[in-house]
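Here is what each chain is made of, one letter per residue.
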Amino acid sequence: MLLAEGNQHGAFLIRNCESQRGERSLSENPMLDCGKVKHYKLKKLENGHVFVSRARSFLTVQELVAHYSQEADGLCVRLGEPCKKMEAPQTHGLSYNTVDQWEIDRNSIKLLRKLGAGQFGEVFEGLWNETTAVAVKTLKPGTMDSEDFLREAQIMKRLRHAKLIQLYAVCTMEQPIYIITELMKNGSLLDYLQKDKGAMLGISDQIEMAAQVASGMAYLELQNYIHRDLAARNVLVGENNICKVADFGLARVFMKENENVYEAKEGTKFPVKWTAPEAMHDNKFSIKSDVWSFGVLLYEIMTFGQMPYPAMTNYQVVQRVPQGYRMPCPPNCPKVMYDIMMDCWKQDEPDRPTFETLQWKLEDFFDMDVTSYDDAARY
Ligand code: AMP
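Everything quoted here is computed from the prediction, not taken from an experiment.

**Describing the pattern of salt bridges**
- Going through the model one piece at a time under the given rule, you end up with 13 salt bridges.
- Note that Asp 73 and Arg 56 form a salt bridge whose closest N and O atoms lie 3.3 Å from each other. Residue Asp 73 is located in the loop between helix H1 (61-70) and helix H2 (93-97), and its partner Arg 56 is located in the loop between strand E5 (50-51) and strand E6 (57-58); the two are separated by 17 residues in the primary sequence.
- Between Glu 130 and Lys 110 there is a salt bridge, with its nearest N and O atoms 3.3 Å apart. On the criterion of sequence distance, the pair formed by Glu 130 in the loop between strand E8 (121-128) and strand E9 (132-139) and Lys 110 in strand E7 (residues 109-117) is long-range, its members being 20 residues apart.
- The exposed category is assigned to Glu 130, whose relative accessible area is 57%.
- Several salt bridges share partner residues, and in doing so they unite Asp 343, Lys 346 and Lys 361 into one network.

**Structural notes on the side chain of Lys 244**
- Looking at the element boundaries, Lys 244 is found in strand E13 (residues 243-245).
- For Lys 244, a relative accessible area of 10% corresponds to the buried category.
- A distance of 3.4 Å separates a polar atom in the side chain of Lys 244 from the backbone oxygen of Ala 162.

**Some points on the nonpolar core**
- Of all hydrophobic cores here, the largest spans 73 residues; its most connected members are Leu 189, Val 213, Phe 294, Phe 355 and Leu 362.
- Per-element accounting of this core gives the leading share, 11 residues, to helix H5 (residues 203-222).
- Here this core spans two domains, and each of domain 2 (96-181) and domain 3 (189-372) adds at least three residues to it.
- The contacts of Val 213, once residues within four sequence positions are left out, are Leu 230, Val 235, Cys 243, Val 245, Phe 294 and Leu 297.

**Considerations on the UniProt feature "binding site: ATP" (unreviewed entry) in the protein**
- Within this numbering scheme, the UniProt entry marks Lys 137 as carrying the feature "binding site: ATP" (unreviewed entry).
- Along the chain, Lys 137 falls in strand E9.
- Excluding its chain neighbours within four sequence positions, the residues that come into contact with Lys 137 are Glu 122, Val 123, Ile 177, Tyr 178, Ile 179, Asp 247 and Leu 250.

**As for the packing of helix H9 (residues 287-302) against helix H12 (residues 355-367)**
- With their axes 10 Å apart at the nearest point, H9 and H12 run at an angle of 30° to one another. Here H12 runs roughly parallel to H9, going by the angle between their axes. In this structure, H9 uses Ile 287, Asp 290, Val 291 and Phe 294 to contact H12, whose residues at the interface are Phe 355, Leu 358 and Leu 362.

**Some points on H1**
- Buried within H1 we find Leu 64, Val 65, His 67 and Tyr 68. Down the axis, H1 shows its buried residues gathered within 160° of arc, on one side only. Opposite the packed face of H1, turned more than 90 degrees from it, sit the exposed residues Gln 62 and Gln 70.

**Examining the site of the ligand**
- Looking at the ligand, there are 16 residues lining it, with Ala 135, Lys 137, Glu 182, Met 184 and Asp 247 nearest.
- Interatomic distance of 2.9 Å between a backbone N/O atom of Met 184 and a nitrogen atom of the ligand.
- Within the side chain of Asp 247, an N or O atom sits 3.0 Å from an oxygen atom of the ligand.
- When contributions to the shell around the ligand are tallied by element, the ones reaching two or more residues are E7 and E9.
- Classifying every residue of the shell around the ligand by side-chain character gives 7 nonpolar, 5 polar and 4 charged.
- No fewer than three residues from each of domain 2 (96-181) and domain 3 (189-372) sit in the shell around the ligand.

What counts and what doesn't
- Sequence positions are assigned chain by chain, starting from 1 and proceeding in written order.
- Local features in a predicted model are, by the rule used here, given only for residues with pLDDT of at least 70; side-chain atom pairs are given and counted only at 80 or more, and totals for whole chains, interfaces and linings are based on all residues.
- Side-chain numbers here rest on the full set of heavy atoms in the structure, without hydrogens or water.
- Whenever a carboxyl oxygen of Asp or Glu lies within 4 Å of a side-chain nitrogen of Lys or Arg, that contact is scored as a salt bridge.
- Per the convention used, a helix needs a DSSP run of H or I reaching at least four residues, while a strand needs a run of E reaching at least two, with both numbered from the N terminus.
- Think of it in three bands: with a 1.4 Å probe and only protein chains considered, a residue is buried below 20% of the maximum accessible area for its type, exposed above 50%, and partly exposed in between.
- Contacts described as polar in this section are N or O atom pairs within 3.5 Å, which, within protein, must combine one atom able to donate a hydrogen with one able to accept it, while residues neighboring in sequence count only if both atoms come from side chains.
- Only buried Ala, Val, Leu, Ile, Met, Phe, Trp, Tyr and Cys residues count toward a nonpolar core, and they belong to the same one when joined by side-chain atoms within 4.5 Å.
- Here the limits of each domain have been adopted from an automatic or database domain assignment.
- By the convention used here, residues are in contact when the closest approach between their heavy atoms is within 4.5 Å.
- UniProt positions are given in the numbering used here, feature names are shortened, and annotations may be inferred rather than shown by experiment.
- To obtain each axis, a line is fitted to C-alpha atoms, and for helices this fit is confined to the stretch in contact; angles are then taken between N-to-C directions over 0 to 180 degrees.
- By definition in this entry, angles of less than 35 degrees are roughly parallel, angles greater than 145 are roughly antiparallel, angles of 65 to 115 are roughly perpendicular, and the rest are oblique.
- By construction, the arc corresponds to the directions joining the helix axis to the C-beta atoms.
- Whether a residue is near a molecule or strand is decided by its heavy atoms; if any one of them lies within 4 Å of it, the residue is near.
- In this classification, Asp, Glu, Lys and Arg are treated as charged, Ala, Val, Leu, Ile, Met, Phe, Trp, Tyr, Cys and Pro as nonpolar, and every other residue, Gly included, as polar.

Next up, the structure:
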């Protein structure tokens, strides 16, 4: 949003910390974003005073803003104008309207432009009832049984979390099946990371994005739901680096119908490099195999979307990972991030952390003084 047209140098935004756990209130965890990619956490003293740097605290956020509007005083830039407000992404409106009737008439959906193509079909930006911007996933005929999908979609629709892509509605009466979800402006995290080699992203952004994915996954963990295909290509990015987990559960439906596809070890379609050994070899998918994939996703985030195990073929990965091979720490990756990846890749599933733990670890890391992990703590 800070990069949106009309915002001058020094534009700033006070917002709720995206990666903060739900129990803390908005006012307690504001973030101050200024410059192009700088985020400062506003902290509170016991007496209620707020500060960015302990050297100077203020009675109110307004007073803090007034001070840093006078002089930068250690911030990367003197605060200018508050950034221009953009329309909030709509997440609940359409799903509310379709609470009981989520099979909707496909004529109420207008496909506007193609956003991308996946393994099982194409994705379009669409307009529902001439008013609501949505994403429409069209499934190639024959990729799955509609009854099977509908059963899964019933569950998917109940899953609601700020860090999960909301399923709004479906059109399953005719082929191709449409899956209608919230629209994310910046597309997949993989493309977002690779764009300009992630030049606009700093380490604090990378950690915050990882924490957001962990937060969405911690919710799935709590709901006893398994993603089965967690990877940067299945995380979507909105304004202001907001990340949401997409396509949860879909792999199970596809897998049933295309067992040979998912079991074909040499096929490019099986996400070999993201899949935990026990899932790969014994078809044992669990939230812990999702944790393994999350470790690989962290690697993608820290390398700005590089292919994992870059010098290895899928076959080599299948052979060597069960023997204990693990990817080395990526360049410029803080040791503490690499330690988290390695925890996710523990051979025995119970030894891997929960998503709840991953979430707080990443949030605590994000809460550290920005300079301490921007400048130091590199591996
Ligand atoms: P998929 O079939 O899920 O792999 O999607 C293919 C591509 O379509 C992704 O890489 C995204 O760039 C784009 N896409 C999918 N879902 C959405 C969405 N909800 N909002 C915006 N872009 C999307």
